[in-house]
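Below, each chain spelled out in residue letters.
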Amino acid sequence: MSAAERFRVRDAVADDAVPVSELRARVAAEGRWIGMEAPVDVEGLIRNFHDVLADDSAHAVVAVDDADTVVGSAGMFTVLPGVIAFGMNVAADSRRQGAGGLLLRSVLAWSRDRGAHKVILEVWPHNEAAIGLYTAHGFVREGVRRGHYRRRNGELWDVVEMGLLLQ
Ligand SMILES: CC(C)(COP(=O)(O)OP(=O)(O)OC[C@H]1O[C@@H](n2cnc3c(N)ncnc32)[C@H](O)[C@@H]1OP(=O)(O)O)[C@@H](O)C(=O)NCCC(=O)NCCS
């Protein structure tokens with residue numbers, strides 16, 4: 001079964017606030033992939049999700065299965081005129097089945113539709129799955145910020161900056 005048969009990506013709606021926030025909390029609890037760390041303020045994430053839906057300069061999409069259960073999400077934000085930053089998550093048991101690729105295509109389509117000239121992101125250097133996905137879609141490494149983020153255990157982690165020029 002292809003990714004497009006297994007999942008579809010649609011614009012997020014208010015009812016997605018809880019499943020998307022709970023998904024982000026679960027991925028944060030994995031401890032290795034995203035900036036957010038457990039314990040997560042899920043209520044705060046839910047409030048923030050509604051703010052994103054109401055913000056013309058931001059956008060959120062979800063990947064859902066045939067029962068409309070959320071298996072992944074992506075959030076996009078305008079950080080500079082024409083420059084969109086994004087973050088994405090796929091549930092652990094739905095990875096490597098194409099949902100991430102569908103979400104990323106949707107991020108790029110939204111960015112192009114807005115006339116953006118560039119899409120950017122930050123990723124941990126050890127996150128081979130995410131770097132593999134972004135590279136497959138044309139993103140390049142723009143640099144490494146050394147010891148940029150302090151983790152709750154006190155460690156300082158490097159972060160890789162990646163970008164894709166849309167023109
Ligand atoms: C990164 C992530 C979003 C990828 O989503 P996914 O649904 O598993 O990705 P897909 O199945 O669409 O994979 C698309 C491509 O990405 C790359 N990729 C995905 N997982 C990979 C892995 N474990 N190792 C190497 N490359 C990988 C491959 O190029 C893959 O294409 P292929 O399957 O034809 O080889 C997902 O692993 C995830 O949510 N991880 C935890 C959260 C996270 O890291 N978010 C991003 C933070 S920057």
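Per an unreviewed UniProt entry, the recorded name for the protein is Ribosomal-protein-alanine acetyltransferase, and the organism is Gordonia insulae.

**Quick word on the overall build of the protein**
A count of helices and strands for the protein gives five helices and seven strands. Each helix and strand of the protein, placed in order from N terminus to C terminus, yields the pattern α-β-α-α-β-β-β-α-β-α-β-β. Here the protein has a C-alpha radius of gyration of 15 Å; the compact-globule value for 167 residues is 15 Å, and the two agree. Dimensions of the protein along its principal axes, counting C-alpha atoms only, are 40 × 40 × 35 Å. Counting only residues that meet the buried cut, the protein has 43% of its 167 residues in that class. Across the protein, the fraction of contacts at a sequence separation of at least 24, relative to all contacts at a separation of at least 6, is 60%. For the protein, the computed accessible surface area is about 9,100 Å², with 50% contributed by carbon and sulfur atoms. Distance from the positive charge centre (19 side chains) to the negative charge centre (23 side chains) of the protein: 6 Å.

**Overview of the site of the ligand**
Every one of the 22 residues lining the ligand counts as a neighbour, but Val90, Arg96, Gly100, Gly101 and Asn127 are closest to it. One of the backbone nitrogen or oxygen atoms of Gly98 is found 2.8 Å away from an oxygen atom of the ligand. Here an oxygen atom of the ligand sits 2.7 Å away from a polar atom, N or O, in the main chain of Gly101. In isolation the ligand offers 920 Å² of accessible surface; the protein chains occlude 74% of this area. Those elements that place two or more of their residues in the shell around the ligand are β4 (83-90), α4 (99-113), β5 (118-123) and α5 (128-136). Looking at side-chain class alone, the shell around the ligand contains eleven nonpolar, seven polar and four charged residues.

**Section: the side chain of Ser111**
Note on placement: Ser111 falls in helix α4. Ser111 gets classed as buried once you look at its relative accessible area, which sits at 0%. A distance of 2.8 Å separates the side chain of Ser111 from the backbone oxygen of Val107, its partner in a polar contact. In contact with Ser111, not counting residues within four places along its chain, are Ile84, Ala116, Val119 and Leu166.

**Let's talk about the pairing of strand β7 (residues 156-165)**
Most of β7 sits inside the fold, with seven of its ten residues counted as buried. Bridging between β5 and β7 involves six bridges; their strand directions are antiparallel. If you follow Lys118 over to β7, its bridge partner there is Leu165. By the bridge criterion, seven bridges tie strand β6 (residues 140-150) to β7 in an arrangement that is antiparallel. Its bridge partner being in β7, Arg141 is matched across the sheet by Met162. Here β6 folds back onto β7 in antiparallel fashion, the turn holding five residues, of which Gly154 has a positive phi close to 95 degrees.

**Things to note about the pairing of β5**
Of the strand pairs in this sheet, β4 and β5 are connected by three bridges, and their pairing is parallel. Counterpart to Ala85 in the pairing with β5 is Ile120. Taken together, β4, α4 and β5 constitute a β-α-β crossover, and its handedness is right-handed.

**Here's the deal with the UniProt feature "domain: N-acetyltransferase" (unreviewed entry) in the protein**
UniProt's entry tags residues 7-167 with the feature "domain: N-acetyltransferase" (unreviewed entry), counted in the numbering of this structure. Counting secondary structure, residues 7-167 comes out at 31% helix and 35% strand; the distance between its end C-alpha atoms is 29 Å.

**Regarding the environment of Val90**
Note on placement: Val90 falls in strand β4. With near-sequence residues (within four places) excluded, Val90 lies in contact with Leu23, Val27, Val71, Gly72, Arg95, Ala99, Gly100 and Leu103.

Criteria and cut-off values
- Residues numbered from 1 in each chain as written.
- Predicted model: local features only at pLDDT ≥ 70, side-chain atom pairs only at ≥ 80, totals over all residues.
- Heavy atoms only, no water.
- Helix = DSSP H or I, 4+ residues; strand = E, 2+ residues; numbered from the N terminus.
- Rg over C-alpha atoms; globule rule 2.2 N^0.38 Å.
- Buried < 20%, exposed > 50% of the residue type's maximum accessible area, 1.4 Å probe, protein only.
- Contact = heavy atoms within 4.5 Å.
- Areas by Shrake-Rupley, 256 points an atom, 1.4 Å probe, with all protein chains shown as cover.
- Lys, Arg positive; Asp, Glu negative; His and termini not counted.
- Charge placed at Lys NZ, Arg CZ, Asp CG, Glu CD.
- Near = heavy atom within 4 Å.
- Polar contact = N/O pair within 3.5 Å; in protein donor to acceptor, adjacent residues only side chain to side chain.
- Nonpolar A, V, L, I, M, F, W, Y, C, P; charged D, E, K, R; others polar.
- Pairing = 2+ DSSP bridges.
- Right-handed = clockwise from strand over helix to strand, strands pointing away.
- UniProt positions renumbered as here; feature names shortened; annotations may be inferred.

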